[in-house]
Amino acid sequence: MSRSNSKRPRSEESTSATQPRPVPVVLDHDGGVDDLVALALLLANPSKVELVGVIVLDADCYVNDAYRVSGKLTSTVRRAAAAKRGVHIKPFPILKSTLSHGGHPFPHEWRVDAKKMDDLPSLNVPKWTTGWEADIPTVPNTDANTPGEEAFAQLFLQSPEPISLCVTGPLTNVAYCLKTHGAAFADKVKEVVIMGGAVDVEGNVFLEGPDVKEPGMLAAEWNIYWDAVSAKAVIESPLLKGKVRLFSLDATNHVPVTSAVCQEFGKYNDSLIAQFIGSSWAMCTHLELGGYGKGYYAWDVLTAAHVVDSGLVEFEPNVPITVEIDPTKRSEGQTRRDLTGAHGVDVAMKIDAERFYMMTYEAAQFV
Ligand code: AGV
Ligand code: CA
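Residues numbered from 1 in each chain as written. Chains lettered and ligands numbered in written order. Predicted model: local features only at pLDDT ≥ 70, side-chain atom pairs only at ≥ 80, totals over all residues. Heavy atoms only, no water.

Chemist: How should I be thinking about unusual backbone geometry in this particular structure?
Modeler: Residues apart from glycine generally show negative phi values, whereas peptide bonds are mostly found in trans. A positive phi angle is found at Asn141, which is not glycine, with a value near 65°. Notably, Asn318 is not glycine yet its phi reads approximately 50°, a positive angle. Assignment of secondary structure puts Asn318 in strand S9 (residues 313-319). On the basis of relative accessible area, Asn318 is assigned to the partly exposed category, the value being 49%. (Helix = DSSP H or I, 4+ residues; strand = E, 2+ residues; numbered from the N terminus. Buried < 20%, exposed > 50% of the residue type's maximum accessible area, 1.4 Å probe, protein only.)

Right, here's the structure in full:
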């Protein structure tokens, strides 16, 4: 750049110098109600977060439904943000993983939630959603035959800068990337923020039914229980040393989705995102009647909120964690403190719950 250029008054540049650039983020989710609310939260904060890709895993959802909801929600928020606020959100790839590890499948009643969400009126306003699939770009150097998980890896490999990775489902896709691309992938991960595990609290996998010999709560949290081998490969990976932040039940237990939390969205009912989040949460509040571990929490939304606002949470740093993968043990999928561990992960422990709920109400008013 020439000297005369640098002397020129730079009104635009000086404004942008005071505001940090949005952080590039990829969301790897599995289509639960809160996964999709987490996507809404990220989309509603374009000044803080630049979504560069989303991948959907067939785990706590049926993948085609969750893909449709992700696509419709993205088109709705993008188009409405442009029309109502003049805010331009760059289009980004939305991928479907072909991977699936059904050792302990999520219950069918939970997996159908994304199908219900696909029918929400707030996601079916013609001017915001018609043609939503055509809005979705592909990852450069991939084609229709590239499996979603490989295109997901390519998002990182082709990125000029490290990306924050937010994972709100099982760790199957991330384990694939580490196994297939190793350090080339890990070097492009700025941090990996994971919803999963239960360190100092009980798990949330509840065994019941006529075929269960020993009913009751297990030590595992569901995302880890579904694919413990992948969870171990990621959480204990030397390649990701110092980059893993875990949002286990220790943190997420502080953000229940109650009727009071849900009804608050009625104040902003003129807004599409408020209608989307409020109606989605309304499908879950009956679970608070079930007692510990049975209720619904903003698990994944809290995890995504950290990417938007890193001041929300205090971490216990460098906690050595081991993941139990022995399928013959009742503790399968447990994330235990392991004092012999080589290195640890940061575990979210102290949450500003009020500030978190406020963030969701602010996001609700975006469009
Ligand atoms: O264990 C929490 C994880 C989160 O990623 N999921 C739901 C969130 O998306 C599994 C889960 C636990 N209890 C559930 C779950 C419930 N009652 N309904 C649906 N999913
Ligand atoms: Ca999830």
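Chemist: Whenever I open this one, empty space enclosed by the protein confuses me. Can you help?
Modeler: Where empty space is left becomes clear once a probe the size of a water molecule has been rolled over the atoms. On inspection of all chains with the given rule, the structure shows three cavities of 30 Å³ or more. Taken as a whole, the largest cavity encloses approximately 50 Å³ of empty space. Every residue lining the largest cavity is listed: Gly71, Thr74, Ser75, Arg78, Pro91, Phe92, Ile94, Trp132, Asp135, Ile136 and Pro137. Considering each element in turn, the lining of the largest cavity owes the most residues, four residues, to helix H4 (residues 63-85). Of the residues contributing to the lining of the largest cavity, the split by class is six nonpolar, three polar and two charged. (1 Å grid on protein atoms, 1.4 Å probe; cavity = no way out; pocket = protein on both sides within 12 Å on 5 of 7 lines; lining within 4 Å. Points joined across faces, edges and corners; volume = space filled by probe spheres on them. Nonpolar A, V, L, I, M, F, W, Y, C, P; charged D, E, K, R; others polar.)

Chemist: Is there a simple way to think about the layout of surface pockets in this case?
Modeler: A volume near 760 Å³ is recorded for the largest pocket. What lines the largest pocket is a set of 34 residues, and nearest its centre among them are Pro107, Trp110, Trp222, Leu287 and Lys294. At three residues, the largest contribution of residues to the lining of the largest pocket is made by helix H3 (residues 33-43). Of the residues that constitute the lining of the largest pocket, the class distribution is 16 nonpolar, seven polar and eleven charged. Estimated volume of the second largest pocket: approximately 350 Å³. Glu50, Val52, Lys90, Pro93 and Leu155 are, among the 20 residues lining the second largest pocket, the residues nearest its centre. Looking at the lining of the second largest pocket, the elements that each hand over two or more residues are strand S2 (49-56) and helix H8 (148-157). No other element matches the three residues that S2 contributes to the lining of the second largest pocket. The residue inventory of the lining of the second largest pocket, partitioned by class, reads twelve nonpolar, four polar and four charged.

Chemist: Whenever I open this one, helix H15 (residues 299-308) confuses me. Can you help?
Modeler: Along an α-helix, residues three or four positions apart point the same way, because every turn accommodates 3.6 residues. For H15, a buried count of ten out of ten residues is recorded, marking the element as mostly surrounded by other parts of the structure. Taken together, the buried positions of H15 are occupied by Trp299, Asp300, Val301, Leu302, Thr303, Ala304, Ala305, His306, Val307 and Val308.

Chemist: Looking at this model, I keep getting lost on the packing of aromatic side chains. Mind explaining?
Modeler: Each aromatic ring pair is characterised by the separation of its centres together with the angle its planes make. Under the definition given, this model contains 14 aromatic pairs. Pairing Phe247 with Phe315 gives two aromatic rings, centres 5.7 Å apart and planes at 90°, and the pair type is edge-to-face. Of this pair, Phe247 sits in strand S8 (residues 244-247) while Phe315 sits in strand S9; the two residues are 68 residues apart in sequence, bridging distant segments of the chain. By relative accessible area, Phe247 is classed as buried at 0%. Owing to a relative accessible area of 24%, Phe315 belongs among the partly exposed residues under this scheme. Across from the ring centre of Tyr67, 4.8 Å away, lies the NZ or CZ of Lys96, which sits over that ring. For Lys294, the ring lying beneath its charged end belongs to Phe206, and the centroid distance is 4.3 Å. (Phe/Tyr/Trp six-rings, centres within 6.5 Å; stacked < 30°, edge-to-face > 60°. Lys NZ or Arg CZ within 6 Å of the ring centre and 35° of its normal.)

That is the geometry; function is a separate question.
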